[in-house]
Amino acid sequence: LAPGTITTDTRVVLTNAVYFKASWMSQFDEYSTWSDEFTLPDGFVIEVPMMHQTESFPYYRGCGCTAVSLPYSDGQSSMLLLLPDGEIGELEGSLDPEDLRTIGQDLRNERISLAVPSFEFTSSFSLKETLEGMGMTNAFDSDLADFTGFTGHRDLYISAVIHKAFVKVDETGTEAAAATAVVMALAAAPPPPVIEVSFDRPFLFLVMDDLTGSILFMGRVADPSI
């Protein structure tokens, strides 16, 4: 909470925290990360660390975007990356729960040559105006708020709702792990064609609970260098 959020008039602070930590099922090799171009929303091009790997991933094209799902090692969650066909604002404005259901249902494994920037950022913002715009108004009004369940008196109202999120994505996911494997195979038919997908411009990400389809975290990567 920023200085000034809590004052001598503050009587109650309610906090809620959600924490998620997982490693990729198919981790990126650190030696396959190198600087590459990323185009910012204003068209300016910067250099950022870009992770690369070629592997079989759930893939979908439609709903105004290219979607790639990166499973986590727990086998129960994944990060869904959405690269818009046009401007990211258009995708954000058009994407709805039905689109997400369609994307989730129609993901098909394809061999993908994938490039994704590593990123880490923290965001903090007030939800007061957003909640008021959604119709939650009385709770913020000192004359209309009714929280008698707390004190037995109508002497409380909500002065602030602050949301803060931290997200870090790197080669291992969010937890380091190591494994070595030697694989020998017989010569066979040529491998299937590789689809190249580079998240080299603003994109959306959603951390999903695959068992329920619930969205645990979601956000926009507009500048991985911040």
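Preceding this paragraph is the structure being described.
Residues numbered from 1 in each chain as written. Predicted model: local features only at pLDDT ≥ 70, side-chain atom pairs only at ≥ 80, totals over all residues. Heavy atoms only, no water.

I tried to follow the packing of aromatic side chains on my own but got confused; where do I start?
Each aromatic ring pair is described using two quantities: the centre-to-centre distance and the angle formed by the ring planes. Per the stated rule, a full pass over the model turns up eight aromatic pairs. The interplanar angle of 75° and the centroid separation of 6.4 Å between the aromatic rings of W24 and F28 together place this pair among those described as edge-to-face. Judged on exposure class, the residue W24 and its partner F28 are both buried. Between F119 and F203, the aromatic rings sit 6.2 Å apart at their centres with planes inclined by 70°, giving edge-to-face as the arrangement. Highlighted residues: F119 in strand 6 (residues 119–126) and F203 in strand 9 (residues 203–209), separated in sequence by 84 residues. Taken as a pair, F119 and F203 share a single burial class, namely buried. An aromatic cluster is present here, built from F119, F121, F199, F203 and F205 joined pairwise through their rings. (Phe/Tyr/Trp six-rings, centres within 6.5 Å; stacked < 30°, edge-to-face > 60°. Buried < 20%, exposed > 50% of the residue type's maximum accessible area, 1.4 Å probe, protein only. Helix = DSSP H or I, 4+ residues; strand = E, 2+ residues; numbered from the N terminus.)

In this structure, what is going on with the pattern of salt bridges? I would like to understand it.
Side-chain pairs of opposite charge can arise where the charged atoms are in close proximity. Applying the stated criterion across every chain yields a total of four salt bridges. When the shortest N-O distance is used, the salt bridge between D85 and R61 registers 3.1 Å. Of this pair, D85 sits in the loop between strand 4 (77–84) and helix 1 (88–94) while R61 sits in strand 2 (residues 45–62), and the two are 24 residues apart along the sequence. Here R101 and E98 are joined by a salt bridge, their closest N and O atoms 2.9 Å apart. Linking R101 with E98, this pair stays in helix 2 (residues 97–106), spanning three residues, or about one helical turn. Overall, E98 belongs to the partly exposed group, its relative accessible area being 43%. (Salt bridge = Lys/Arg side-chain N within 4 Å of Asp/Glu carboxyl O.)

Before we go on, may I ask you to explain unusual backbone geometry in this structure?
Peptide bonds are trans in most cases, and residues, glycine excluded, mostly fall at negative phi. In the Ramachandran plot, C63 falls in the positive-phi region, its phi being about 55° despite a non-glycine side chain. Mapped onto the elements, C63 comes out in the loop between strand 2 and strand 3 (65–71).

Sorry, what's going on with the side chain of T172 here?
When you line up the elements, T172 lands in the loop between strand 7 (162–169) and strand 8 (195–198). A relative accessible area of 14% means that T172 is categorised as buried. At 3.1 Å, the side chain of T172 forms a polar contact with the side chain of D170. (Polar contact = N/O pair within 3.5 Å; in protein donor to acceptor, adjacent residues only side chain to side chain.)

Please explain the nonpolar core as it appears in this structure.
Grouped burial of nonpolar side chains is what soluble globular proteins tend to show. Residues V68, L70, M79, L81, L114, F199 and F203 are the most contacted members of the largest nonpolar core, which totals 30 residues. In terms of residue count, the dominant contributor to this core is strand 2 (six residues). In contact with L70, not counting residues within four places along its chain, are W24, F28, F57, S78, M79, L81 and L114. (Core = buried A, V, L, I, M, F, W, Y, C linked by side-chain atoms within 4.5 Å. Contact = heavy atoms within 4.5 Å.)

Would you mind showing me how to read the environment of I6 here?
Mapping I6 onto the fold places it in the segment before strand 1 (33–39). Taking the C-alpha atoms as reference points, I6 and A160, 154 residues apart in sequence, are found 9.4 Å from one another. Excluding residues within four positions of it along the chain, I6 makes contact with L1 and V13.

Explain helix 2 to me, please; I cannot follow it from the model alone.
In an α-helix, one turn spans 3.6 residues, which is why side chains three or four residues apart end up on the same side. All buried positions along helix 2 are accounted for by D99, L100 and I103. The buried residues of helix 2 occupy one face: seen down the axis, they fall within an arc of 100°. Exposed side chains of helix 2 directed beyond 90 degrees from the buried face belong to P97 and Q105. In this fold, the buried residues of helix 2 make contact with strand 2, strand 3, strand 4, helix 1, strand 9 and strand 10 (214–221). With a side-chain oxygen positioned 3.1 Å from the backbone nitrogen of E98, the residue opening helix 2 is D96. (Arc of directions from axis to C-beta.)

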